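Each chain, written out:
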Amino acid sequence: MFGRKPAPPKSAPQLRPEGGSLARMVNSAGRVDLTLLQRVAQAAAAEDFARFMGQPVLAGSAIHRGNLSAQRGPAAQAMNRTVLFEPAAADGEAVSVSESLKHAIYPLVKGAQATSTAHIFAIGRIDTNDFILPDYAISKQHAVIEIKAEGFFLRDCGSTNGTFLNGTRLEKKPVPLSDRDVVAFARYEFAFLQPASLYAMLTGS
């Protein structure tokens, strides 16, 4: 009818500030579906997308390297043992690397089901973490990201296979994160992206 605004498409959520629609998009592993987030970015202006995200993300290696074909891996399983990871001699990447984690997006926003401290994000293999990386190379609690007044800080939790920032292995002391830093947990590489950088990668702008 005349005078009525068309309903928003069902495939993309309405753009509301962080803690609203975005929190409901975060699954129990701490991830947001790549395909859905691409639709949101392509339908929004950069400023609106930045307000919607509110906080930075950890984006899998395929995203920050420009390969955005979304992959869906098997459901996460409970794992009780950390296996020492040895990189492949040929190219430094193990044959068994999960494609789903290469396409993962972990926003620094608590999901609707989260019960942990608001400004601390635990990263690890088991389901007591905020960000779950279901692989034997990842320790039960591998690392932590803290949101403080002065910024974002990454700390290793004594993991077997290490936490790396721009190629340097971290100790247990927190280190500050900057936009587009490359973070690795064992064999899994992510980019730490502010909303504007994520928008540029998702839209190719």
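Scroll up to find the structure.
Rules and cut-offs
- Residues numbered from 1 in each chain as written.
- Predicted model: local features only at pLDDT ≥ 70, side-chain atom pairs only at ≥ 80, totals over all residues.
- Heavy atoms only, no water.
- Buried < 20%, exposed > 50% of the residue type's maximum accessible area, 1.4 Å probe, protein only.
- Helix = DSSP H or I, 4+ residues; strand = E, 2+ residues; numbered from the N terminus.
- Arc of directions from axis to C-beta.
- Contact = heavy atoms within 4.5 Å.
- Salt bridge = Lys/Arg side-chain N within 4 Å of Asp/Glu carboxyl O.
- Pairing = 2+ DSSP bridges.

Caption draft 1: Geometry of helix α3 (residues 46-53). Listed in full, the buried residues belonging to α3 are Phe49, Phe52 and Met53. Projected down its long axis, α3 carries its buried residues within an arc of 95°, all on one side. Opposite the buried face of α3, by more than 90 degrees, sit the exposed residues Glu47 and Arg51. Where α3 is buried, its residues touch α1 (21-25), α2 (34-43), β1 (57-60), β2 (105-107) and α6 (195-203). Count one or two residues on from α3 and you reach glycine 54, which has phi positive near 80°.

Caption draft 2: Fine view of the pattern of salt bridges. Inspection of every chain in the model, using the stated rule, returns four salt bridges. When the shortest N-O distance is used, the salt bridge between aspartate 135 and arginine 187 registers 2.8 Å. With aspartate 135 in the loop between β4 (131-132) and β5 (143-148) and arginine 187 in the loop between β10 (181-185) and β11 (188-193), this residue pair connects regions lying 52 residues apart in the sequence. Given a relative accessible area of 22%, arginine 187 falls into the partly exposed group.

Caption draft 3: Up close: the sheet that holds strand β8 (residues 168-169). Within the open sheet, the six strands sit side by side as β2-β1-β11-β10-β7-β8. Their pairing is antiparallel. Edge positions in the sheet fall to β2 and β8, since each of these pairs with one other strand and no more. In this structure, strand β7 (residues 163-165) lies alongside β8, joined through two bridges in antiparallel fashion. In the sheet register, leucine 165 faces β8, and the bridge partner there is threonine 168.

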